[in-house]
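# Structural overview for review
One-letter residues, chain by chain:
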Amino acid sequence: MVFPNYLKTIQDEKDRLVVMTILESMNNVLKNCKGDALKEPGRLDEICKAIRNVLQKKTTCQDPENEETESDEEQEAEYDSMLLEYAGEGIPLLAAAVGGQIFAPYFAAFLPLLLCKTKPSCTVAEKSFAIGSIAETIQAMGPATVQFVPRLLPMLQAGARDTDDEVRSNSVFGIGVLAEQGKEVIFDHYPSLLNILSSIIAREQNRRVVDNVCGAVSRMMMTNLAGVPVDQVFPVLVRSLPLKEDLEENVTVINCITFMYKSNPNQVIRHLQQLLAVFGEVIGTEQLTEESQTALVMLLKDIPQRFPQEFQTALMAIPQEAAKKLSAVVSS
């Protein structure tokens, strides 16, 4: 396997760009091969150690003595930031490859290194990178994240109030996946989390942040519908659609709407015109997984059966192209 060469280069190579390329290649192997890439005894430990060394700036290319005296400081800072990002991307990939239970002790070792980059005194790039890495790892680890909730929740709540758009966006995404994976441990925190998300969406100008609020609220409703004042929250979610920037969250939002239709169909029918317009934009696109696509088709076939008048009225009120597309789905 290529890993021994990768790991040696990450540690010993003087050129940051070469190390970045190696980290990217290693991440691609992990993404494509998953657990098969880690069958060699000790391989997981070795890769985690290499990533920790980058996060702690212990590699040769991060040693100030190896920097050229005439180097461009701004460019060096950018390379340092990119190096951390490439290393951080490996953390959730490792979690996904071996599973949350196995990865939990490794994540515990990474956590102090990541949390120290989320302090108010840190740069925007550091905070965004660290919170993004943590959020992606929460999602990859699944229920094994529960033990880390006390350390992660305060940090994500603080990040959601940050002045930087990307830090806010990553933090809001983190809140959603932590609620989804933390389940009962997070239930008592729902009022304060919904309060944070509500205050963000009331004044937020950045569309990526708004899209991530939609995703977070959707995850919270699907995880604990009883903990959400649906009559207040669902209309705000619908008004914030369609998503504009973070289109990956369309899977979460559509899954939430199909879930809501099963749990409280009248809530969906009340906003049917706006929702049909959204469905017309996303159905049949790569924005949805096969599973969410199938669920949406079933929903669209069921509504005219149970609510024929409401469906026809809503269909006639949306743009013609979208209406034609949805009619074809219903009659297929």
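The structure we're discussing is the one just above.
Residues numbered from 1 in each chain as written. Predicted model: local features only at pLDDT ≥ 70, side-chain atom pairs only at ≥ 80, totals over all residues. Heavy atoms only, no water.

## Examining the environment of V19
Note the following rule: Numbering of helices and strands starts at the N terminus; helices are DSSP runs of H or I of at least 4 residues and strands are runs of E of at least 2. By definition, residues are in contact when any of their heavy atoms lie within 4.5 Å.
Along the chain, V19 turns up in helix α2 (residues 16–33). As a C-alpha pair, V19 and L7 span 12 residues in sequence and 9.6 Å in three-dimensional space. Apart from residues lying up to four places away in sequence, V19 is in contact with T9, I10, E13, C61 and L83.

## What about the environment of P150?
Along the polypeptide, P150 turns up in helix α7 (residues 149–159). Residues P150 and I186, spaced 36 residues apart in sequence, show a C-alpha to C-alpha distance of 9.7 Å.

## Examining a negative patch on the surface
For clarity, the threshold we go by: Candidates for patches are residues over 30% relative accessible area with no salt bridge; among them, like charges are joined within 9 Å and nonpolar side chains (Val, Leu, Ile, Met, Phe, Trp, Tyr) within 5 Å. Under the convention used here, a 1.4 Å probe and the Shrake-Rupley method define accessible areas, while residue burial counts only the protein chains that appear. Salt bridges are counted wherever a side-chain nitrogen of Lys or Arg sits within 4 Å of a carboxyl oxygen of Asp or Glu. Charged residues are defined here as Lys and Arg on the positive side and Asp and Glu on the negative side; His and the ends of the chain fall outside this count. Note that the charge is assigned to NZ on lysines, CZ on arginines, CG on aspartates and CD on glutamates.
A surface patch of negative charge is lined by E24, E85, E89, E136, E166 and E248. When you line up the elements, E89 lands in helix α4 (residues 73–98).

## Concerning α2
Short version of the rule: An expected span of 1.5 Å times one less than the residue number is assigned to each helix. The buried label goes to any residue with under 20% of its type's maximum accessible area, the exposed label to any with over 50%, and the partly exposed label to all in between, with areas taken from a 1.4 Å probe on protein chains only. Between N or O atoms, a polar contact is any pair within 3.5 Å; within protein, one atom must be a potential hydrogen donor and the other a potential acceptor, and residues adjacent in sequence are included only when both atoms are from side chains.
For α2, with 18 residues, the first-to-last C-alpha span of 26 Å sits near the 26 Å given by 1.5 Å per residue. The complete set of buried residues in α2 reads R16, V19, M20, I22, L23, M26, N27, V29 and L30. Contacts made by the buried residues of α2 are with α1 (3–12), α3 (43–55) and α4. Of the residues flanking the start of α2, the one acting as N-cap is D15, its side-chain oxygen 2.9 Å from the backbone nitrogen of L17. K34, located one to two residues past α2, shows a positive phi value of around 50°.

## Looking at the nonpolar core
Rules: Working definition of a nonpolar core: buried Ala, Val, Leu, Ile, Met, Phe, Trp, Tyr and Cys residues. They are joined through side-chain atoms within 4.5 Å.
Counting 114 residues, the largest nonpolar core has F103, F234, I257, L276 and F279 as its most contacted members. Once residues lying within four places of it in the same chain are set aside, the contact partners of F103 are C48, I91, L94, A95, V98, F110, T137 and M141.

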